[in-house]
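Coordinate analysis (summary)
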Amino acid sequence: MYTFSSKLKTFSIILMILGVLGIGYGFYTAPKNIEEVEKILAADSHGGHHKAPNAETTVHEESSHESSHAATAHLDEKKDIHEVSLDSTNADTAKVHEEVVVETVSHTAHKEIKSISAEEAHKAHEEHLEHVLHQLQNKPWAAFYVACIFFMLVSLGVLAFYAIQQVAQAGWSPVLFRVMQGITAYLPVGSIIFFVFLILCGLHLNHLFIWLDPEVVAHDKIIQNKAGYLNFPFWIIRAAIFLLGWNLYRYFSRKNCLAQDESNDNSFYKKNFNISAMFLVFFIVTESIMSWDWIMSIDPHWFSTLFGWYVFASFFVSGITTICMVTLYLKSKGYLENVNTSHIHDLAKFMFGISVFWTYLWFSQFMLIWYANIPEEVTYFVTRIEMYNLPFFGAVVMNFLFPILILINTDFKRITWVLVMAGTVILLGHYIDFFNMIMPSSVGDQWFIGVSEIGSVLFFLGLFIFVVFSALTKVPLLPKRNPYIEESKHFHY
């Protein structure tokens, strides 16, 4: 039986405390009104107004251009009338009078239109400040959301990998089943937090999902056309079905696996095979819809038919990497004596292979949209390249370039410190990947890795460690009566 060490438990609690403090600080320091936003923008621009002068100058220039046309037209009209009334003997006097009319009309028209342009500029400035206010208020919410969904989907990725092993009747992996079950113990906890967060979104406590705002929908025909699908009651019901279905499979598969240890036949193993097959069908459908509902709908004007697979590849490789990292930790503490370097090698192969698969999907989605150059599609990548250049391309380096250069070597797949290094980079890289998917549409150019982001990651990391390693203490780390357990014990690559 595994014993949760006091040092690791204390470490996880400290992470959670630091995380709560960071999250609280992020919400506390978020601006409450546009006056605070104006001060922030003024400080950022060293005492100047943020973007407003440019807008006012543009409007003023356009208005001045219009005023010159208006003055000219008005002048022509006045000139025609004036010429009719002039006596031919007073040509010089008429010329002087005409110049006065020109100057008066031109000055009056310019002054009136200048006044209108100032009002429009002020209104535009107010709208800009309100938009930035929503973005800055979204920042702590979005930071929390990225970490929350990432850690929950890591446990879901492990659950999917576990189900695949059951259906494939794999002979190499049964010695790792209890590690997988321990990691999936986080899924119920993560699901509850995540579901509560979605409800808070529906209560309009943030602006992450703009289609939840009736005022936005009233002026947006694209969102109106999607209202039959993107509405809060249907959205939250779908979320409840997805989360409940995943957790029910997690509960019954673990229950059957434990019952198999006390059974005299393979009946519980067969039950697990059947429910795992059904779960994978349910999972592949709900996973795609989940990616549309919880990530893609943050930007309801954009869509990609590859998005479901792309999100799956991201959290699936993260889940496999987590299995490897937890296994290596337990091995370092003297547990999992039946796990050998061949098991570790196979996990590393999956880390390598799914990293390549993720890159294939990333490039396919990017290349097809970029090459087609359809404005409503390419804007997704334009935003990320212009505003999120470092994290956008940095994720490719961390999730593809680094893993393929390190893990392509067969010997490196068996070296603990190499796998820990590669695994850490992969997990960080896919957190950045989720950051890139969520942040641009929720906070725009007001992003930076600050206290909110770090605090959210620390909190959920601490919670994840606490829940997973607590679950590992409750049952033996080796399933005794699995039909393939002996094959798994003596597995060699």
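Every chain is numbered on its own, with residues counted from 1 as its sequence reads. Totals for whole chains, interfaces and linings use every residue, but because this is a predicted model, local features are given only for residues with pLDDT of at least 70 and side-chain atom pairs only at 80 or more, for both listing and counting. Hydrogen atoms and water are omitted, and side-chain values are computed over all heavy atoms in the structure.

An unreviewed UniProt entry lists the protein chain under the name Quinol:cytochrome C oxidoreductase, with Flavobacterium myungsuense as the source organism.

With respect to the overall build of the protein chain
Here a helix means four or more residues in a row that DSSP labels H or I, a strand means two or more in a row labelled E, and each is numbered from the N terminus. For the protein chain, the helix and strand inventory stands at 17 helices and 0 strands. Within the span of the protein chain, comprising 493 residues, buried residues form 47% of the whole. For the protein chain, contacts bridging at least 24 residues in sequence account for 82% of all contacts bridging at least 6. All accessible areas in this document rest on Shrake-Rupley with a 1.4 Å probe, and a residue is counted as covered only by the protein chains that are shown. Summed over its atoms, the accessible surface of the protein chain is roughly 23,800 Å², and 65% of this surface lies on carbon and sulfur atoms. Here's how the labels work: a residue is buried when its accessible area is under 20% of the maximum for its type, exposed when over 50%, partly exposed in between, all with a 1.4 Å probe on protein chains only. Contacts are residue-level and defined by heavy atoms, with any inter-residue pair within 4.5 Å sufficient.

Some words on the pattern of salt bridges
Whenever a carboxyl oxygen of Asp or Glu lies within 4 Å of a side-chain nitrogen of Lys or Arg, that contact is scored as a salt bridge. On inspection of all chains with the given rule, the structure shows 5 salt bridges. With a closest N to O distance of 3.4 Å, Lys349 and Asp346 form a salt bridge. On the criterion of helical spacing, the pair formed by Lys349 and Asp346 is a turn pair, its members being 3 residues apart in helix α12 (residues 341-372).

Comments concerning the packing of helix α9 (residues 232-262) against helix α10 (residues 267-294)
Packing of α9 against α10 brings their axes to within 9 Å, and their N-to-C directions diverge by 155°. The angle between α9 and α10 falls in the class roughly antiparallel. Crossing hand, α9 versus α10: left-handed. Residue type decides the class: Asp, Glu, Lys and Arg count as charged, Ala, Val, Leu, Ile, Met, Phe, Trp, Tyr, Cys and Pro as nonpolar, and the leftover types, Gly among them, as polar. Class assignment for the residues of the contact of α9 with α10 results in 19 nonpolar, 8 polar and 3 charged. As a rule, the C-alpha atoms of each element are fitted with a line to give its axis, helices using only the stretch in contact, and angles between N-to-C directions run from 0 to 180 degrees. Working rule for angles: under 35 degrees goes down as roughly parallel, over 145 as roughly antiparallel, 65 to 115 as roughly perpendicular, anything else as oblique. In this scheme the handedness of a crossing depends on how the near helix is turned from the far one: anticlockwise by less than a right angle means left-handed, clockwise means right-handed.

Section: the environment of Tyr269
As for its placement among the helices and strands, Tyr269 is situated in helix α10. For the pair Tyr269 and Gln166, spaced 103 residues apart in sequence, the C-alpha to C-alpha distance is 8.7 Å. Excluding its chain neighbours within four sequence positions, the residues that come into contact with Tyr269 are Gln166, Gln169, Gln260, Asn482, Pro483 and Tyr484.

Overview of a nonpolar patch on the surface
Within this analysis, patches are made of residues with over 30% relative accessible area and no salt bridge. Like charges are joined at 9 Å or less; nonpolar side chains (Val, Leu, Ile, Met, Phe, Trp, Tyr) at 5 Å or less. On the surface, a nonpolar cluster with roughly 450 Å² of combined accessible area is contributed by Ile13, Ile14, Ile17, Leu18 and Leu21. Relative to the helices and strands, Ile17 is located in helix α1 (residues 6-29).

What about unusual backbone geometry?
Of note in this structure, Gln169 is not a glycine but carries a positive phi near 50°. The class of Gln169 is partly exposed, set by a relative accessible area of 35%. The backbone of Asn373 sits at a positive phi, close to 60°, despite the residue not being glycine. Relative to the helices and strands, Asn373 resides in the loop between α12 and α13 (375-387).

Here we look at the packing of aromatic side chains
Between rings of Phe, Tyr and Trp, where Trp is taken as its six-membered ring, a pair exists when centres lie within 6.5 Å; planes separated by under 30 degrees are stacked, by over 60 edge-to-face, and by other angles tilted. Here the structure, examined in full by the defined rule, presents 57 aromatic pairs. Measuring from centroid to centroid gives 6.1 Å for Phe232 and Trp235, while their planes differ by 50°, and the two rings are tilted. In this pair, Phe232 and Trp235 are both assigned in helix α9, 3 residues apart and thus about one turn of the helix distant. Relative to Phe315, the ring of Phe283 lies with its centre 6.4 Å away and its plane at 90°, an arrangement referred to as edge-to-face.

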